[in-house]
Amino acid sequence: MRFELESLVRKNVRDLKPYSSARDEYVSDGSQKIFLDANENPFDNGLNRYPDPQQRELKGALSRLKGMNSENLLLGNGSDEILDLIFRAFCEPGSDNIITAPPTYGMYKVLAGVNDLENREIVLKENFELNTTSILEAVDSNSKLICICSPNNPTGNCFREEDVELLLQEFKGVLVLDEAYIDFTDKGSWIRKLSEYPNLIITQTFSKALGMAGIRLGICWASSAIIEILNRIKPPYNVNELTQKAALDRLSAGDAFSGQIRQIVIEREGLIKALEDIPFISEVYPSEANFILVRVDDADKRYRQILDKGIVVRNRSGLPLCHNTLRFTVGTEQENIRLLEVLKSI
Ligand SMILES: *Cc1c(COP(=O)(O)O)cnc(C)c1O
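Residues numbered from 1 in each chain as written. Predicted model: local features only at pLDDT ≥ 70, side-chain atom pairs only at ≥ 80, totals over all residues. Heavy atoms only, no water.

## Structural notes on the sheet that holds strand 4 (residues 143-149)
Consideration 1: Reading across the sheet, the 7 strands line up as 1-7-6-5-4-2-3 and stay open at both edges, with mixed pairing between neighbours. In the strand order of this sheet, the two ends are held by strand 1 (73-76) and strand 3 (118-121), each with one partner. Here the average twist between neighbouring strands, direction ignored, is 20 degrees.
Consideration 2: Packing of helix 5 (residues 78-90) onto the sheet brings it into contact with strand 1, strand 2 (97-100), strand 4, strand 5 (174-178), strand 6 (200-205) and strand 7 (218-221), and relative to strand 6 it is tilted by some 160 degrees. (Pairing = 2+ DSSP bridges. Helix = DSSP H or I, 4+ residues; strand = E, 2+ residues; numbered from the N terminus. Axes fitted to C-alpha atoms, helices over the stretch in contact; angles between N-to-C directions. Contact = heavy atoms within 4.5 Å.)

Right under this line is the structure:
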């Protein structure tokens, strides 16, 4: 099926000229200059200058780490900002629709609401796989985005590769694939298929495996044509200097986070086994993320009992297919031991 990017983009965005900031107009060539262009305070305190609006150094480091090209990369104030940019670039308020596959991340629905878009919810199959037939049946000429998340939050599974591939092949709009948890699975990222699929956008984040939820840094990989469109509407200084520095430090600290990821995965597998022996847990779902979804006898009651013992978990019972489920984030070894003690005691 033919994918025509220009016709998918909102008309006002197609015609938009982005705001050109001082740091967009003059790009440092590394030589010493006197900067009298941006009305900054000239007294150096390390943060008196505006940050690089294109985050070149950070994008370079991240692209090298992932074996990708900087022109396929956009950074944002969390993946939440990136999703917001995608929605605003493609979806005409009041007339367009998006397709989501609950139970899933709540942000897609919120953004549909904010942008006055119909959210066509095609619930996953009982085994938490995509219902590709129903998804493709729900598509009409106003369907701009399909938003899915793999590994999926809160179910923890990766979707079958052939299902994602089918959507990419059959859908004329944009498939947004949220890979917030991709570092916890050995299924490879879809970024390796980016050049094959011009209608694919992949989002990732510094908030989970990279251990930097506090700095708010989201990652977006897509064709250079899509990245150019998102750049047109992004606020010029959307990633602040402190965030850029902290992210660079984290990436250059070598493999600190790889060891943590390995440890979290080992803890996850241990926790899954141990949870199977808890009498009031009837089902422990396999997980390729850093959390585990379990089904219990009475989620509200168990949630309160666990909270009374000082542990905060997430009750996911309100979501489709998730009646009486709780979601446990995998913690440190000590935290997981404590969780199991608490579960055994109640
Ligand atoms: C946690 C999470 C994110 C992270 O969002 P940030 O804004 O980058 O912190 C994105 N998508 C999913 C599915 C998540 O669970």
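## So, empty space enclosed by the protein
Consideration 1: Evaluation of the coordinates by the stated rule reveals 1 cavity of 30 Å³ or more.
Consideration 2: In this structure, the largest cavity encloses a volume near 50 Å³.
Consideration 3: Taken together, Lys66, Glu179, Ala180, Ile182, Asp183, Gln204, Thr205, Leu210 and Ile219 form the lining of the largest cavity.
Consideration 4: Looking at the lining of the largest cavity residue by residue, the class counts come to 4 nonpolar, 2 polar and 3 charged. (1 Å grid on protein atoms, 1.4 Å probe; cavity = no way out; pocket = protein on both sides within 12 Å on 5 of 7 lines; lining within 4 Å. Points joined across faces, edges and corners; volume = space filled by probe spheres on them. Nonpolar A, V, L, I, M, F, W, Y, C, P; charged D, E, K, R; others polar.)

## Brief notes about the layout of surface pockets
Consideration 1: In this structure, the largest pocket spans a volume of roughly 700 Å³.
Consideration 2: What lines the largest pocket is a set of 25 residues, among which Arg23, Ser28, Phe35, Arg49 and Tyr50 lie closest to the centre.
Consideration 3: Only helix 4 (56-66) and helix 10 (241-252) provide two or more residues apiece to the lining of the largest pocket.

## Some thoughts on the sheet that holds strand 11 (residues 325-329)
Consideration 1: Taken in spatial order, the 4 strands line up as 8-9-11-10 in an open sheet, and their pairing is antiparallel. On the outer flanks of this sheet lie strand 8 (281-284) and strand 10 (314-315), each paired with one strand and no other.
Consideration 2: Note that strand 10 and strand 11 share 2 bridges and pair antiparallel. In the sheet register, asparagine 315 faces strand 11, and the bridge partner there is leucine 326.
Consideration 3: Packing against the sheet, helix 12 (residues 299-308) makes contact with strand 9 (291-296), strand 10 and strand 11, and its axis sits at approximately 35 degrees to strand 11.

## Concerning the domain arrangement of the chain
Consideration 1: Each domain of the chain was delimited in the assignment, giving domain 1 (5-252) and domain 2 (255-345).
Consideration 2: Each of domain 1 and domain 2 was reduced to a C-alpha centroid, and the two centroids are 29 Å apart.
Consideration 3: At the junction of the two partners, domain 1 supplies 25 residues and domain 2 supplies 21 residues.
Consideration 4: Taking both partners together, domain 1 and domain 2 bury about 1900 Å²; carbon and sulfur atoms supply 67% of that area.
Consideration 5: For domain 1, the biggest contributors to the area lost against domain 2 are Phe128, Pro154 and Phe184; these three give 33% of the whole.
Consideration 6: Between the two partners, domain 1 and domain 2, sit 1 salt bridge.
Consideration 7: Notably, a salt bridge pairs glutamate 288 with lysine 187, separated by 2.9 Å at the nearest N-O pair. (Domains from an automatic or database assignment. Buried area = accessible area lost by both parts, 1.4 Å probe. Salt bridge = Lys/Arg side-chain N within 4 Å of Asp/Glu carboxyl O.)

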